[in-house]
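Structural features, examined
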Amino acid sequence: ASAAMDQVRPGRSGYAIYTAGQEQESTRRLALLGDLNRAIKDNELRLYCQPKVDIPSGSVCGAEALVRWIHPRHGMISTTEFIQLAEQAGTITPLTNWMLEAAFSQCHAWHEAGLERALAVNLSAHDLYDQGLVDRVRGMFSTWGVGPELIQFELTEGTLMADPDIALATLFNLKNLDVQLFIDDYGTGYSSLSYLRALPVDALKIDRSFVTPMTAKDNSAVIVNSTIELGHNLDLKIVAEGVESQDVWEQLAAAGCDVAQGFLISRPMPADEFLAWDAGWRRAKA
Ligand code: C2E
Ligand code: MG
Ligand code: MG
Ligand code: MG
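A brief structural summary. (Residues numbered from 1 in each chain as written. Chains lettered and ligands numbered in written order. Predicted model: local features only at pLDDT ≥ 70, side-chain atom pairs only at ≥ 80, totals over all residues. Heavy atoms only, no water.)

1. Some points on the coordination of the magnesium ion (ligand 2)
To keep it simple, the criterion reads: Only N, O and S atoms count as donors, using a 2.8 Å cut-off from the metal and 3.2 Å for Na, K and Ca, and because water is excluded some sites may appear unfinished. Helix numbers and strand numbers start at the N terminus; a helix is a DSSP run of H or I with at least 4 residues, a strand a run of E with at least 2. Partly exposed describes any residue whose relative accessible area lies between the buried limit of under 20% and the exposed limit of over 50%, with all areas from a 1.4 Å probe on protein chains only and scaled to the type maximum.
Distances from the magnesium ion (ligand 2) to its protein donors, Glu64 (OE), Asn122 (OD1), Glu154 (OE) and Asp184 (OD), fall within 2.0 to 2.2 Å. Each donor residue of the magnesium ion (ligand 2) belongs to the same chain, with the gaps between them written as E-x57-N-x31-E-x29-D. Taken as an interatomic distance, the gap from the magnesium ion (ligand 2) to the magnesium ion (ligand 3) is 3.8 Å; Asp184 donates to each of them. Pair noted here: Glu154 is in strand 7 (residues 151-156) and Asp184 is in strand 8 (residues 180-186), with a separation of 30 residues, a long-range link. One exposure class covers both Glu154 and Asp184, and it is buried.

This is how it looks when you write it as structure tokens:
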């Protein structure tokens, strides 16, 4: 250890020990967070879309909206990293609002171009405790003239846990707008399916940590197949994320899974490339 050895700094609850390296890391994260707030204003965020395909018919049924931050100096910043940062700092609201505007505007543009595709927006825990969210979404529906079947929401089980009463009220109010709600990353949380069934959700997205390795010799296929069966018995649609191979697609089809999303179909792409991609998919199918 050098002279720049471990330092003790007061943390929020008592003391946290930072090594020199960790201190640099937290400084970097703090700078990144400040920069993110600037980036939203300076319009450095981009809407990317990843297609979802109906397994029985092979038709595109929609896309997931995924945010990208293309930094003028640092290039593409990891989405997982800056989303986590914004969530921890409690500053996800401006990002969510940016994504909502981008998603509504994109759906509207597709509609004008004759393409009806549902776009699913990810919500964070903080969004469900934001009392203004539902009114803003309602306002966007009327501003953009987009039908309720074209905007969907994905939320993880964890988002509901902090204060279930408030989160549930938001969920029911969103559902009253006639949108579809998805439980994201299903299988990584601790909720029982019977609890989830009591929520106004329409579908489960099985986490890719179970889907991607499903053809390998482990328990993944058992988990995926039983989730599909149980979910169907509870009247939920099942989406598999992280579909990377034809073998996995075929196992999912055999198990009756409804929708697939993953690199096998397409990586997420800039939203303005989606129309041409979708046309290409339809041509290849015909
Ligand atoms: P998610 O909602 O579970 O999104 C799926 C993630 O899996 C995306 O990562 C996507 O690029 C990746 N993915 C899709 N197919 C495959 C595949 O076949 N193989 C592999 N290895 N990965 C695949 P991405 O875009 O980096 O986003 C990471 C997470 O960040 C998302 O996970 C979501 O939780 C969050 N996120 C992304 N955009 C937003 C946003 O606008 N708002 C909020 N609140 N969260 C967002
Ligand atoms: Mg998602
Ligand atoms: Mg997911
Ligand atoms: Mg995920």
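2. Some details on the site of ligand 1
Stated formally: The rule for a residue being near a molecule or strand is that one of its heavy atoms must lie within 4 Å of it. Whenever a nitrogen or oxygen atom comes within 3.5 Å of another N or O atom, the pair is scored as a polar contact, on the condition that within protein one atom can donate a hydrogen and the other can accept it, and that pairs from neighbouring residues in sequence are kept only if both atoms are in side chains. Note on areas: Shrake-Rupley, 1.4 Å probe, and residue coverage restricted to the protein chains presented here. In this classification, Asp, Glu, Lys and Arg are treated as charged, Ala, Val, Leu, Ile, Met, Phe, Trp, Tyr, Cys and Pro as nonpolar, and every other residue, Gly included, as polar.
As a structural note, the neighbourhood of ligand 1 is formed by 21 residues, with Arg68, Ser124, Asp184, Glu244 and Phe263 the closest of them. At 2.9 Å, a side-chain N or O of Asp184 approaches an oxygen atom of ligand 1. When the free accessible area of ligand 1 is taken as 800 Å², the share hidden by the protein chains comes to 85%. When contributions to the shell around ligand 1 are tallied by element, the ones reaching two or more residues are strand 4 (60-71), helix 2 (79-89) and strand 8. Considering every element that reaches the shell around ligand 1, the biggest residue donor is strand 4, with 4 residues. Residues of the shell around ligand 1, tallied by class, amount to 7 nonpolar, 7 polar and 7 charged.

Nothing here speaks to function; it is all geometry.
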